[in-house]
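# Structural overview
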Amino acid sequence: MSDDLLPIGRFARLCRLSVKQLRHYDDLGLLVPAWTDPASGYRYYRPGQARDALLIGLLRAMDVPLPDVARVLSGDEHDTPEEARAPKEQRVLKEARALKEVRDRIEADVARRRRGLRLLDRVVAEGLPQAEVSIVREPARRVFTARERATPLTIPDATGACVRRLLPRMSPDGLLIGLFPLDMDEEFDVRVMVQAADGDDVLPGGSFASAVHVGPYEEIPLTVHGVLAWFGDYGHTPAGPVREVYLNDPATTPPEHLETKVQIRVEDAQ
């Protein structure tokens with residue numbers, strides 16, 4: 001055993017972590033001791049490992065998930081030319097890039113929570129929405145389709161990516177429609193379609209429960225809730241996906257005046 005090794009208790013105090021945490025990080029392969037006594041199982045660390053331990057403690061104090069912490073410690077597996085020329089600085093560059101990615105994810109989560117708070121404020125002020133629902137008959141439409149994989153947290157990003165891909169095919173009078181699953185799994189497809197006479201795909205028609213949402217896109221879930229409540233009130237069966245038909249241009253329309261048709265197919269309609 002090297003003379004510069006620190007027993008786990010001393011190392012824990014140096015890094016402001018508990019012995020229990022260090023054992024847990026060892027079990028995860030996140031911070032492996034420099035040497036473990038084969039007889040006693042006691043763990044020892046090198047002073048140079050304190051940098052990683054302190055970084056882990058800092059990130060965990062900010063609620064950064066352990067998988068993200070692991071990515072920061074390991075860095076990106078693909079070196080940039082600058083990193084290849086400066087091996088002593090390589091780790092710092094990798095950590096900075098990985099930390100930027102973690103920061104972006106935290107920022108996105110904060111934005112999502114703020115949207116949730118705004119929705120909650122509206123429900124507190126106005127109560128649960130009572131959507132004015134009518135049954136409408138929608139024709140089949142020829143469309144171009146863009147598709148993205150998403151999670152419940154990344155729906156806005158996936159929708160935006162689809163819209164950007166469809167921009168070259170959009171005309172001033174083209175109808176833009178988003179399709180979102182009725183049942184939210186961990187991962188699913190988000191589809192956005194633009195109506196076009198020469199479209200290479202067909203959006204089926206049918207009977208739909210329809211309501212107009214007025215306000216920011218982030219508040220559309222309130223109207224979706226109201227439409228689904230209508231299904232429960234009248235004993236109808238909803239069939240996904242949820243359709244959002246965007247009636248005006250967000251680039252020229254204030255968020256509070258945006259209009260979106262929310263439509264869900266009525267499975268048992270005649």
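The following refers to the structure shown. (Residues numbered from 1 in each chain as written. Predicted model: local features only at pLDDT ≥ 70, side-chain atom pairs only at ≥ 80, totals over all residues. Heavy atoms only, no water.)

## Here's the deal with the overall build of the chain
- The helix and strand tally for the chain stands at 8 helices and 11 strands.
- Scaling as 2.2 N^0.38, a compact globule of 270 residues should have a C-alpha radius of gyration of about 18 Å, whereas the chain reaches 26 Å, well beyond that.
- For the chain, the spread of C-alpha atoms along the principal axes amounts to about 80 × 45 × 35 Å.
- Partitioning the intrachain contacts of the chain with sequence separation of at least 6 by distance along the chain shows that 67% fall at a separation of at least 24.
- Of the roughly 16,300 Å² of accessible surface on the chain, 53% is carried by carbon and sulfur atoms.
- Counting 36 positive and 43 negative side-chain charges, the chain places the centres of these two groups 5 Å from one another. (Helix = DSSP H or I, 4+ residues; strand = E, 2+ residues; numbered from the N terminus. Rg over C-alpha atoms; globule rule 2.2 N^0.38 Å. Contact = heavy atoms within 4.5 Å. Areas by Shrake-Rupley, 256 points an atom, 1.4 Å probe, with all protein chains shown as cover. Lys, Arg positive; Asp, Glu negative; His and termini not counted. Charge placed at Lys NZ, Arg CZ, Asp CG, Glu CD.)

## Structural notes on the packing of helix α1 (residues 8–15) against helix α2 (residues 19–27)
- One can describe the packing of α1 onto α2 by two numbers: an axis separation of 9 Å at closest approach and a directional angle of 100°. The angle between α1 and α2 falls in the class roughly perpendicular. Contact residues: Ile 8, Gly 9, Phe 11 and Ala 12 in α1; Val 19, Leu 22 and Arg 23 in α2.
- Partitioning the contact of α1 with α2 into residue classes produces 5 nonpolar, 1 polar and 1 charged. (Axes fitted to C-alpha atoms, helices over the stretch in contact; angles between N-to-C directions. Parallel < 35°, antiparallel > 145°, perpendicular 65-115°, else oblique. Nonpolar A, V, L, I, M, F, W, Y, C, P; charged D, E, K, R; others polar.)

## Side note on the packing of helix α3 (residues 50–61) against helix α4 (residues 66–74)
- Where α3 meets α4, the axes come as close as 10 Å, and the angle between the chain directions of the two elements is 145°. The way α3 lies across α4 gives a crossing that is right-handed. Taken together, the residues of α4 that come into contact with α3 (itself represented by Asp 52, Leu 55, Ile 56, Leu 59 and Arg 60) are Leu 66, Val 69, Val 72 and Leu 73.
- For the contact of α3 with α4, a count of residues per class yields 7 nonpolar, no polar and 2 charged. (Left-handed = near helix turned anticlockwise from the far one by under 90°.)

## Notes on the pattern of salt bridges
- As enumerated under the stated definition, the model contains 15 salt bridges in all.
- One salt bridge in this structure joins Arg 113 and Asp 109, with 2.9 Å as the shortest N-O distance. Here the residue Arg 113 and the residue Asp 109 both occupy positions in helix α6 (residues 87–126), the gap between them amounting to 4 residues, near one helical turn.
- Overall, Arg 113 belongs to the exposed group, its relative accessible area being 52%.
- Glu 218 is the salt-bridge partner of Arg 118, the closest N and O atoms lying 2.6 Å from each other. Highlighted residues: Arg 118 in helix α6 and Glu 218 in the loop between β9 (206–214) and α8 (220–234), separated in sequence by 100 residues.
- Relative accessible area serves as the criterion here: at 26%, Glu 218 is assigned to the partly exposed category.
- Put simply, Lys 100, Arg 103, Asp 104 and Glu 107 are held in one network by salt bridges that share partners. (Salt bridge = Lys/Arg side-chain N within 4 Å of Asp/Glu carboxyl O. Buried < 20%, exposed > 50% of the residue type's maximum accessible area, 1.4 Å probe, protein only.)

## Concerning the sheet that holds strand β2 (residues 35–36)
- Taken in spatial order, the 3 strands make up an open sheet running β1-β3-β2, and their pairing is antiparallel. Unpaired on one side and paired on the other, β1 (6–7) and β2 mark the two borders of the sheet. (Pairing = 2+ DSSP bridges.)

## Focus: α1
- Those residues of α1 that fall on the buried side of the exposure criterion are Ile 8, Gly 9, Phe 11, Ala 12 and Cys 15. With its buried residues spanning 165° around the axis, α1 presents them on a single face.
- Those residues of α1 that are buried are in contact with β1, α2, β3 (43–45) and α3. (Arc of directions from axis to C-beta.)

## Some remarks on the nonpolar core
- Phe 11, Leu 22, Leu 31, Ile 56 and Val 69 are the most contacted members of the largest nonpolar core, which totals 22 residues.
- Those elements that provide at least two residues to this core are α1, α2, α3, α4 and α6.
- The residues contacting Phe 11, other than those within four sequence positions of it, are Leu 6, Leu 22, Leu 31, Tyr 45, Arg 46, Gln 49, Ala 50 and Ala 53.
- Among the nonpolar cores identified, the runner-up in size contains 15 residues, and Ala 146, Ala 150, Phe 188 and Val 192 belong to it. (Core = buried A, V, L, I, M, F, W, Y, C linked by side-chain atoms within 4.5 Å.)

## Side note on a nonpolar patch on the surface
- On the surface, a nonpolar cluster with roughly 310 Å² of combined accessible area is contributed by Leu 117, Leu 120 and Val 124.
- Mapped onto the elements, Val 124 comes out in helix α6. (Patch = residues over 30% accessible without salt bridge, like charges linked within 9 Å, V, L, I, M, F, W, Y side chains within 5 Å.)

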